[in-house]
Amino acid sequence: LKKKAVQAEEMAQELMPVQEAEQIAQAVGQLTPEERAEVERIKESLDLTDSAAIIDFGTAAQKDIADFSDSILSNVRAKDSGYVGELLSELLTNVKGFEPGNTDGGFLKKLPFVSSLVGKAETLMQGYERVSVQVEKVKTALQKSRMLMMKDVVMLDGLYAKNLAYFKSLELYIQAGEEKMQEMRETTLPKLRAQAAASSDPMAAQVVSDFENAVERFEKKVHDLKISKTISIQTA
């Protein structure tokens, strides 16, 4: 039972990214009136008899996603904590090597050896100074790192918003594409087939075949946009 519980927990953890992706898609999947109008505009401007129009459909948004995914790593500064880590290690070494508690006995027992006490006091002060300087170096380095991280947080927030805008643009094209395909399959193609069947023109059947091929090519194009949409979700 314990083993099964562990396996169930591991499976749940593996599903978390998928669930998160679905939540992102649902959160931005609702179209505003302005976006609904844009979908209608895209549908009306699409001509499936134009091969170039099929190829170019959604390419602007798709290119934005591709360029964004390629450049995001170069835009995010890699944090090199090596310097700070070295300072912390050096500080730890100094602290371990500086143990004022190592002085033997109490002050009164040392009175006969005043000169020795003076030497130890000087060593003690030098140790304090050494550790103090090291602490200040670490403090300064951490403050600089904090400022860089704060700048990167602002930059990453901007990148997230930019990616979301690309995602929304793809959503509009995908929505328009799916609605256009439904219209073609349920209305336009049956009408063309009926006209071809009733016509004595041998070219009518060829027109239907060409249009069917165009719809299939367009379906593949919409599928490509959905892949870009998945990339955008993963980037988010």
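Owing to the predicted nature of the structure, the values given are computational and were not obtained by experimental measurement.

Visitor: Is there a simple way to think about the environment of Arg 185 in this case?
Guide: For Arg 185, the position within the fold is in helix α7 (residues 114-198). By relative accessible area, Arg 185 is classed as partly exposed at 38%. A polar contact is formed between the side chain of Arg 185 and the side chain of Glu 219, at a distance of 2.6 Å.

Visitor: Whenever I open this one, the packing of aromatic side chains confuses me. Can you help?
Guide: Any aromatic ring pair is given by two values, namely how distant the centres are and how the planes are angled relative to each other. In total, this model carries two aromatic pairs according to the counting rule given. Between Phe 57 and Tyr 173 the ring centres are 5.3 Å apart and the planes differ by 80°, which places this aromatic pair in the edge-to-face class. On the criterion of sequence distance, the pair formed by Phe 57 in the loop between α3 (51-56) and α4 (59-75) and Tyr 173 in helix α7 is long-range, its members being 116 residues apart. Three or more aromatic residues joined by ring pairs form one cluster here, namely Phe 57, Tyr 173 and Phe 218.

Visitor: Is there a simple way to explain the pattern of salt bridges in this structure?
Guide: Note on pairing: side chains with opposite charge can pair once their charged atoms come close. For the coordinates displayed, the defined rule picks out ten salt bridges. Between Lys 43 and Glu 179 there is a salt bridge, with the nearest N and O atoms lying 2.9 Å from each other. Here Glu 179 lies in helix α7 and Lys 43 lies in helix α2 (residues 33-45), a separation of 136 residues in the sequence. Since its relative accessible area comes to 17%, Glu 179 is described here as buried. A salt bridge links Glu 212 to Arg 193; its shortest N-O distance comes to 2.8 Å. With Glu 212 in helix α8 (residues 202-235) and Arg 193 in helix α7, this pair connects stretches of sequence that are 19 residues apart. Arg 193 sits in the partly exposed class, given a relative accessible area of 40%. Shared partners join several salt bridges into a network, and the residues in it are Arg 36, Glu 40, Lys 43 and Glu 179.

Visitor: Which parts of the structure should I look at to understand the nonpolar core?
Guide: Across soluble globular proteins, nonpolar side chains have a tendency to be buried as a group. Leu 48, Phe 57, Phe 211, Val 215, Phe 218 and Val 222 are the most contacted members of the largest nonpolar core, which totals 24 residues. If you list the elements that add at least two residues to this core, you get α2, α4, α7 and α8. In terms of residue count, α7 provides more of this core than any other element does, nine residues in total. Those residues within four positions of Val 222 in sequence are excluded, and the remaining contacts are Phe 57, Ile 174, Gly 177, Glu 178 and Met 181.

Visitor: For this particular structure, what's the right way to read the side chain of Ser 228?
Guide: Within the secondary structure, Ser 228 sits in helix α8. Beyond its immediate stretch of four places on either side in the chain, Ser 228 contacts Gln 62, Ile 65 and Leu 170.

Visitor: I'm lost on the confidence of the model for the chain in this one. Help?
Guide: Any region with low pLDDT has predicted coordinates that should not be read closely. Of all residues in the chain, 64% attain a pLDDT of 70 or more, and the chain-wide mean is 74. The weakest mean pLDDT in the chain belongs to helix α6 (residues 107-110) at 44; the strongest belongs to α2 at 90. Here residues 11-16 is modelled with pLDDT under 50, and outside its nearest four sequence neighbours on either side it reaches zero contacts, counting other chains as well. For residues 101-115, every residue scores under 50 in pLDDT, and the model assigns this stretch six contacts once sequence neighbours within four places are set aside.

Visitor: Explanation requested: the side chain of Lys 43 in the structure shown.
Guide: The exposure class of Lys 43 is buried, given its relative accessible area of 11%. With residues near it in sequence (within four places) discarded, Lys 43 still touches Ala 176, Glu 179, Lys 180 and Glu 183.

What counts and how
- Residues numbered from 1 in each chain as written.
- Predicted model: local features only at pLDDT ≥ 70, side-chain atom pairs only at ≥ 80, totals over all residues.
- Heavy atoms only, no water.
- Helix = DSSP H or I, 4+ residues; strand = E, 2+ residues; numbered from the N terminus.
- Buried < 20%, exposed > 50% of the residue type's maximum accessible area, 1.4 Å probe, protein only.
- Polar contact = N/O pair within 3.5 Å; in protein donor to acceptor, adjacent residues only side chain to side chain.
- Phe/Tyr/Trp six-rings, centres within 6.5 Å; stacked < 30°, edge-to-face > 60°.
- Salt bridge = Lys/Arg side-chain N within 4 Å of Asp/Glu carboxyl O.
- Core = buried A, V, L, I, M, F, W, Y, C linked by side-chain atoms within 4.5 Å.
- Contact = heavy atoms within 4.5 Å.
- pLDDT = per-residue confidence, 0-100.

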